[in-house]
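Chain and residue survey
Residues per chain are reported as follows:
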Amino acid sequence: MDITGKQDEWLQAIAAASDGPAVAELEARLFGQKGEVLEMVRSVTSLPREERPAFGKAANGVKLTVDKALAARKDGFAQIELNKELNATDFDPTEPGPRARTGAMHPITIVQNELVDLFTSMGFQWEDGPEIESEYFNFDALNIPGDHPARESQDTFLLSDGNLLRTHTSPVQVRTLQRLVKQGFEPPLKVIVPGRCFRSETVDKTHEHSFYQMEGLVVDRVQKGENGATGISTANLIHTMKTCLRVILERDVEVRLRPGFFPFVEPGFELDVNCPFCSGKGCSVCKQSGWIEILPCGMVHPNVLKEGGLDPEEYTGFAFGMGLQRVVMLRYGIDDIRHFMGGNLRFLSQFPEVPR
Amino acid sequence: MKISLRWLSRHVDLSGIDPKQILADLTMSTAEIEDLIRFGDGLEPLVVGHVRKREKHPDADKLSVCQVDLGQSGGIVQIVCGAPNVDAGQRVIVIKPGDVLPPSGSKGALKIKIGKIRGVESHGMICSESELGLSEEADGIFVLPPDSEIGARFVDVCKVQDWVFEIDNKSINHRPDLWGHYGFARELAAIYGRELKPVGVPAELPSDGKRVEVVIEDKEACPRYCGLMIDGVTSGPSPNELRWQLQAVDQRAINLPVDLSNFVMLDLGQPVHAFDSRHVSSPDGDATIRVRRAKGGETITTLDGQQRKLDNKDLLICANDKPEALAGIMGGVGTMVEHGTTSLFLESANFRASTVRRTTMRLGLRTDASTRFEKAQDPANAETAVHYFLQLLQSHCPSAKAAGPLVDPEGFVYEAKPLLLRRERLALKLGIALEDEQIVQILTSLSFEVETTAEGFTCMTPSFRATKDITIEDDLIEEVGRMYRYDNIPEQPLVGIVEPPKRNEELFLVRRMIEVSCLELGCNEIYNYSFTPDAVLEACGAKDHAYILVSNPVAPEISRIRRHVMPSLLSMVEGNLRQTASVRLVETGKGYHGETKDGHGLPHEVRELSFVYATRDSGEAVHPYGELREHVQHLLRRLGYPVELTRTWSGKDQPWVHPARAVALDRDGSPVGYVAHLNPAVAAALNLPKQVAIACVDIRALLANGRIEPSYTPVPTHPELPVDVALLVDVDTQVATVGGFLRETGRKLIRNVELFEVYRGEHVPAGKKSLNFTVTLGAPDRTLSDKDESKFLDKVRKNAAQIGAELRG
């Protein structure tokens, strides 16, 4: 057999292979199960015994040479392929893949969760209260006596079973105090209670009969020391509220605290935040005042502490009730309160963020 | 309520203070101000004209052509005027071409142009009071006093321009003293440290004369009643300044006595009523005023012309037992002072807030007077108001005089109770220690009498703050705080024990459920009202269930408090499916079941997590039930509350669940919810497609058996062997049965059994289905081989008959 001739022929074939598939085909032809190169190596068995070593050696040499040439040719084409891919020109960066199914939480939930995270990180408990409430917890326990105008006002939804839909989240103040006092109260108490409240109003762009509030209550024992008594004070209230608004409105807020009247706090305050839409210069949102009323609050009224089972001489506290819709509207610039309860996905899917 | 700056300035000198600053200071210390309005804004261009000549318009009977002298403001101009009262010699108010008449009432601003009226040129307009916004109506042009300077600016001749503060009434509900200008003047005097002028200086009244007897039958409802007969009254229109002052605060002028009674009320907060004395006197001139409760069935026609049916809790003012007024609310028809009244009986009384409020609410009749009495007025003010009224009346009508003594059978002696303000308590509550001097200065400026003691301050509350506002020490703390200004208190962080707060598992679980549903499963969270509309309940077949009802709903058809979240959530599908081909909705909320009550009489509350997955009808639409089923199962496993889905759900009370296609979510054998097809009848009624799947989890039931923490099993070291198994079974054979059989058969080698297809079609005979599983085999100590696979399959083939199955392929 003319081994050298064969080798030349094969090397020529390898050199002539014009692309990857041709090389692959050639590889199968030469090195497949009945491949020509392997057949040649095996043909040693047909030779007389004395010729075998020399032939075997030569044949193996040919096999190695051809194999190497083939591998080099293969690598060459692979490199060309790779370079081609790396220089691809058919890529469209704007072509989308299959759509991901993205849901979204309700914007009130998003903001509420952030507030919950914020307050729980400051040591507040997150609690809940019933939406159907008794007159006692909604009014009497909160120092709103039977002949108080708020009781008679048209805006309380009364129920057929003698109860009512709570008009604020404040009933949880006395509920929580009574429950804890029964269990042996260990101050301090720091609790937040977000939830749904109800007032009979005609729904329009800025009014809604079902709304969300977040109640906050802090009560602690008065400490008597050399320099007088210390305890929960208006100064603490200001600090806590400022911190909360700064985080939730994502900016350094200016706040102002002014008198506000609510029967269950004394003194009572309205907390305003400088208008984010006009930076306090005055616009239609803030009615030209530069301020937006956001947070009624105050020092817990002694009668409320008493009703909760605590001695107001021994304990002081502050409470606040934040309107969540208002915060959400400020946060996202929403101009119509009706969207919240409207169930329209074209609104609700605009807030695909996860709580920070 | 509106408060005028000009009016306030009668009582306290506010010169040099910007109205905007007053607004800011009142806001920070006293009350909420909704708006600051310029009264008489834009009247600057108006000038005083002198009508030199008036001639009839040649072409129109009702028009006059006037030559009006504007002096240095434009010389003599020709103006066509339609007013019947225009005449030569008058001083009138003129607006010239090019100037703008400000908007008033419902009319917008008007730019004046030179125009031709029926062929005669007119260079401006002679104005009426209503055109200037100074009065609601006018009979003709406004005629100025004859000595008004021709050509001068109207606003210089007549001081009408004013600043008006619009007070948020809600912010002064607890302050009876702030329901008039004097109260605000008092606050401003305290804020700016200026002097407050006294009002209603008591005059010497005759000790006899016209006799009025006042009998108060119910002293509880009427603690004080002052009355005075006044003669020599002229009841013509009030002077311009008085009318405009009232107009600035939206009070319509009527005639002098009525205007003054309004003025006194708007100033002192004390309503007074001027009766024509003929209505309260007998022919001999004497009168008996009786303050009594109405008799059941009695009626009175109030001066708005309405006949009011009374009950025995309404309080009446009667003259000789004839009802003449609803006490503290409104006078009877015809009792009012009218043009021609010369003698009047002035009532200045104090009525109990709760009595007035009750009648006001019952009759739906709220007036300026009742609003003030409802706040609990100071009885001392009743007498002050009489003197103030008389003093004002005499200044406008010198002939007026008291015709008899002040009748005041109850009188009023105010005895202040000392209220202690402890220094330590003040510092504790405000979080700042103030100097004694400052505390005393603040309280004194607010008319408290203060005595400094070792512990703090003994304070005597003035009568006008004592009716309801100031009762405890904390009220005094508020007084000091608001005048010091809360804004001046430096903030202080909370300090104390640092401990993680207690966790409310239910709230956190629901929160995570919503997060997983929305962020992982692709749901949109929906909020629905707690009331479900009747139409939705009707469509859901649940209108007749036992609902707690709202007695005063916003609309009659939304009075039912929801028992379950699902109906409202379903009602959100149709509209959204119009926008998008498929929806995944989730809502968490509370339902109320009135048939069981807690210790406080509150209805049983359930908290639900509900899902609706819906897909529009189309050729390829796949029913989303399977997807929802797996999602719910996944969600609950993720959160540590895995459930079994093996039994058909057969709960009651929820007719929207398909009765034959619903699986129960079981925890330890008891149901905590379901995943189901929507009942097709409900789908049809709600106009929904066939492909609607629903699910509901009762959160409290789910929580009852606690959370399961994931536990570790060693990671297998040898590879696993997946084996596909297809079994032909009867259509009613459950997947769980077959899966159980496979587990049984593979025994210890089974790692997982998972259905990947249910096939009904070619090569599957009728009444049969092919269940195609991937069974994952594995062993802890070796790598499985083909032999293990064929051994397993042989066993399956052999035993399949046990469950009526046949191994395919």
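All values derive from a computational prediction rather than experimental measurement. (Residues numbered from 1 in each chain as written. Chains lettered and ligands numbered in written order. Predicted model: local features only at pLDDT ≥ 70, side-chain atom pairs only at ≥ 80, totals over all residues. Heavy atoms only, no water.)

Things to note about the domain arrangement of chain A
- If you check the domain split of chain A, you get domain 1 (3-87) and domain 2 (107-348).
- Each of domain 1 of chain A and domain 2 of chain A has a C-alpha centre, and the two are 85 Å apart. (Domains from an automatic or database assignment.)

What about the nonpolar core?
- Residues Phe119(A), Leu245(A), Leu421(B), Leu570(B), Phe611(B), Trp656(B) and Ile694(B) are the most contacted members of the largest nonpolar core, which totals 142 residues.
- A per-element tally of this core places helix H15 (residues 505-519) of chain B first, with eight residues.
- Apart from residues lying up to four places away in sequence, Leu421(B) is in contact with Leu426(B), Ile439(B), Leu443(B), Gly456(B), Phe457(B), Cys459(B), Glu473(B), Leu476(B), Ile477(B) and Val480(B).
- In this structure, Val249(B), Val258(B), Ala274(B) and Leu346(B) belong to the second largest nonpolar core, which totals 35 residues. (Core = buried A, V, L, I, M, F, W, Y, C linked by side-chain atoms within 4.5 Å. Buried < 20%, exposed > 50% of the residue type's maximum accessible area, 1.4 Å probe, protein only. Helix = DSSP H or I, 4+ residues; strand = E, 2+ residues; numbered from the N terminus. Contact = heavy atoms within 4.5 Å.)

Overview of the sheet that holds strand E27 (residues 456-460) of chain B
All names here are of chain B.
- Ordered in space as E25-E27-E26, the three strands form an open sheet in which the pairing is antiparallel. Looking along the sheet, the strands with just one partner apiece sit at the ends: strand E25 (418-422) and strand E26 (449-452). Along the sheet, successive strands turn relative to each other by an average axial angle of 25°, direction set aside.
- Where E25 meets E27, five bridges bridge the pair, whose relative direction is antiparallel. (Pairing = 2+ DSSP bridges. Axes fitted to C-alpha atoms, helices over the stretch in contact; angles between N-to-C directions.)

Remarks on helix H2 (residues 20-31) of chain A
All names here are of chain A.
- Helix length check: H2, at 12 residues, gives a terminal C-alpha distance of 16 Å against a target of 16 Å (1.5 Å per residue), a fit within 8%.
- Every buried residue of H2 is listed here: Val23, Leu26, Leu30 and Phe31. Burial along H2 is one-sided: seen end-on, the buried residues are contained in an arc of 100°. Of the exposed residues in H2, the ones pointing more than 90 degrees away from its buried face are Pro21 and Glu25.
- Buried residues along H2 sit against helix H1 (3-16), helix H3 (36-42) and helix H4 (52-86).
- At the N-terminal end of H2, a side-chain oxygen is found 3.0 Å from the backbone nitrogen of Ala22, two or three residues along, and the residue is Asp19. (Expected span 1.5 Å × (residues − 1). Arc of directions from axis to C-beta. Polar contact = N/O pair within 3.5 Å; in protein donor to acceptor, adjacent residues only side chain to side chain.)

Describing the sheet that holds strand E13 (residues 162-167) of chain B
Residues and elements named next belong to chain B.
- Within the open sheet, the three strands sit side by side as E1-E13-E2. Their pairing is antiparallel. Every other strand in the sheet has two partners, leaving strand E1 (2-4) and strand E2 (33-39) as the edge strands with one partner each. Strand-to-strand twist in this sheet, taken as the mean axis angle between neighbours without regard to direction, amounts to 25°.
- Bridge analysis of E2 against E13 gives six bridges, and the strand direction is antiparallel. The residue bridging Phe39 from the neighbouring strand is Asp162, located in E13.

Points about the packing of aromatic side chains
- Under the definition given, this model contains 22 aromatic pairs over all chains.
- Judged by centre distance (5.3 Å) and plane angle (65°), the ring pair of Phe157(A) and Phe531(B) falls under edge-to-face. With one member in each of two chains, Phe157(A) in the loop between helix H7 (149-152) and strand E3 (164-165) and Phe531(B) in strand E29 (residues 531-532) form a pair that bridges those chains. Exposure class is identical for Phe157(A) and Phe531(B). Each is buried.
- With centroids separated by 5.2 Å and ring planes inclined at 40°, the aromatic side chains of Tyr212(A) and Tyr527(B) adopt a geometry described as tilted. Highlighted residues: Tyr212(A) in strand E5 (residues 210-221) and Tyr527(B) in the loop between strand E28 (524-525) and E29, drawn from two different chains.
- Cluster of aromatic residues (ring-pair linked, three or more members): Phe157(A), Phe198(A), Tyr529(B) and Phe531(B).
- Directly above the aromatic system of Phe137(A) lies the positively charged group of Arg175(A), at a separation of 4.3 Å from the ring centroid.
- The ring of Phe457(B) is capped by Arg423(B), whose NZ or CZ atom sits 5.2 Å from the centre of that ring. (Phe/Tyr/Trp six-rings, centres within 6.5 Å; stacked < 30°, edge-to-face > 60°. Lys NZ or Arg CZ within 6 Å of the ring centre and 35° of its normal.)

Regarding the interface of chain B and chain A
- Across the boundary between the two partners, chain B contributes 79 residues, which contact 99 residues of chain A.
- Buried surface at the junction of chain B and chain A, both sides included, amounts to about 7500 Å², of which 56% is carbon and sulfur.
- Contact with chain A buries surface across chain B, with Leu494(B), Tyr527(B) and Tyr529(B) losing the most and accounting together for 10% of the total.
- If you look at where chain B meets chain A, you find seven salt bridges.
- Notably, a salt bridge pairs Arg511(B) with Asp117(A), separated by 2.8 Å at the nearest N-O pair.
- Inspection of the chain B/chain A interface yields 37 residue pairs in polar contact (both at pLDDT 80 or more).
- For the side of chain B that touches chain A, the per-class residue count stands at 36 nonpolar, 20 polar and 23 charged. (Buried area = accessible area lost by both parts, 1.4 Å probe. Salt bridge = Lys/Arg side-chain N within 4 Å of Asp/Glu carboxyl O. Nonpolar A, V, L, I, M, F, W, Y, C, P; charged D, E, K, R; others polar.)

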